[in-house]
Amino acid sequence: MPTLSMSQRDPENSPLWPSADYCRQIARLRAAIGRTIHILEIEATDTHLSIRHLGRPYVLLDLLDFPRPDPIRAIAPHLLLLDDGRGVNLGRIARISLERAFGPTPSQILYQDREATQTLLFRDRQLSKAMIAERSQRIVGRILGMPGDAPRGGETSPNAVAATGRTPALPARARNAGEE
């Protein structure tokens, strides 16, 4: 099997970090120095991931090399220097656009973290009535002090019996029928 040189490999599917797409976006950001930009920042906590608009447009003063990038911690090799004196690492940015923050045209988008926006934030959710009802019942059960696997509505699964340590009570009609 022939060995491909770096220039012959597909840059989009390269395992190298940062990708060729990232490098193209850096070039677009460098061309926008001195212009007004809109930033959507990724906000990650222990319980959720969201995007927030920073509240106003900023002037991009410079794009600096960041000395200690780390893909594991989402710290990119570049830092934006904004007109308020703040620096923001590109690893914390979902999208940077010209003219408007929401609904920009593809030509207005200077930078977009495609992995964060497509795979984490805007991926299809599989919500169904059954899943929502089951999750709600589990949460209400916890609030009422019931174990997470507690039987609901007469279920007698082995897991439920093992979790509670007792066999669920039979409905009154079933108890009375056995006494006749």
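The coordinates are above.
Residues numbered from 1 in each chain as written. Predicted model: local features only at pLDDT ≥ 70, side-chain atom pairs only at ≥ 80, totals over all residues. Heavy atoms only, no water.

Caption draft 1: Summary view of the pattern of salt bridges. Within the structure shown, the criterion is met by eight salt bridges. Where Asp-65 meets Arg-30, a salt bridge forms, and the shortest distance between an N and an O atom there is 3.7 Å. Highlighted residues: Asp-65 in strand E3 (residues 58-65) and Arg-30 in helix H1 (residues 20-31), separated in sequence by 35 residues. On the basis of relative accessible area, Arg-30 is assigned to the partly exposed category, the value being 37%. Here Asp-84 ties to Arg-86 by a salt bridge, and the two come within 3.7 Å at their closest N and O atoms. Asp-84 gets classed as partly exposed once you look at its relative accessible area, which sits at 39%. For Arg-86, a relative accessible area of 28% gives the class partly exposed. Linked through salt bridges whose partners overlap, the residues forming this network are Asp-21, Arg-24 and Arg-114. (Salt bridge = Lys/Arg side-chain N within 4 Å of Asp/Glu carboxyl O. Helix = DSSP H or I, 4+ residues; strand = E, 2+ residues; numbered from the N terminus. Buried < 20%, exposed > 50% of the residue type's maximum accessible area, 1.4 Å probe, protein only.)

Caption draft 2: Region of interest: the nonpolar core. The biggest cluster of nonpolar side chains holds 20 residues, and the ones touching the most others in it are Leu-29, Ile-37, Ile-39, Leu-80, Leu-90, Ile-93 and Ile-96. For this core, the secondary structure elements donating two or more residues are H1, strand E1 (36-44), E3, strand E4 (78-82), strand E6 (93-98) and strand E7 (109-112). Non-local contacts of Ile-39, meaning those with residues more than four positions away in its chain, are made with Arg-52, His-53, Leu-54, Tyr-58, Leu-80, Leu-82, Ile-93, Arg-95 and Ile-96. (Core = buried A, V, L, I, M, F, W, Y, C linked by side-chain atoms within 4.5 Å. Contact = heavy atoms within 4.5 Å.)

Caption draft 3: Spatial organisation of the packing of aromatic side chains. Evaluated as defined, the whole model comprises one aromatic pair. Ring centres of Tyr-22 and Tyr-111 lie 6.2 Å apart, and the angle between their planes is 85°; this geometry places the pair in the edge-to-face category. One end of the pair, Tyr-22, is in helix H1; the other, Tyr-111, is in strand E7, with 89 residues separating them in the sequence. For Tyr-111, a relative accessible area of 4% translates into the label buried. In this structure, Arg-86 is placed above the aromatic ring of Tyr-58, and the distance from its NZ or CZ to the ring centre is 5.8 Å. (Phe/Tyr/Trp six-rings, centres within 6.5 Å; stacked < 30°, edge-to-face > 60°. Lys NZ or Arg CZ within 6 Å of the ring centre and 35° of its normal.)

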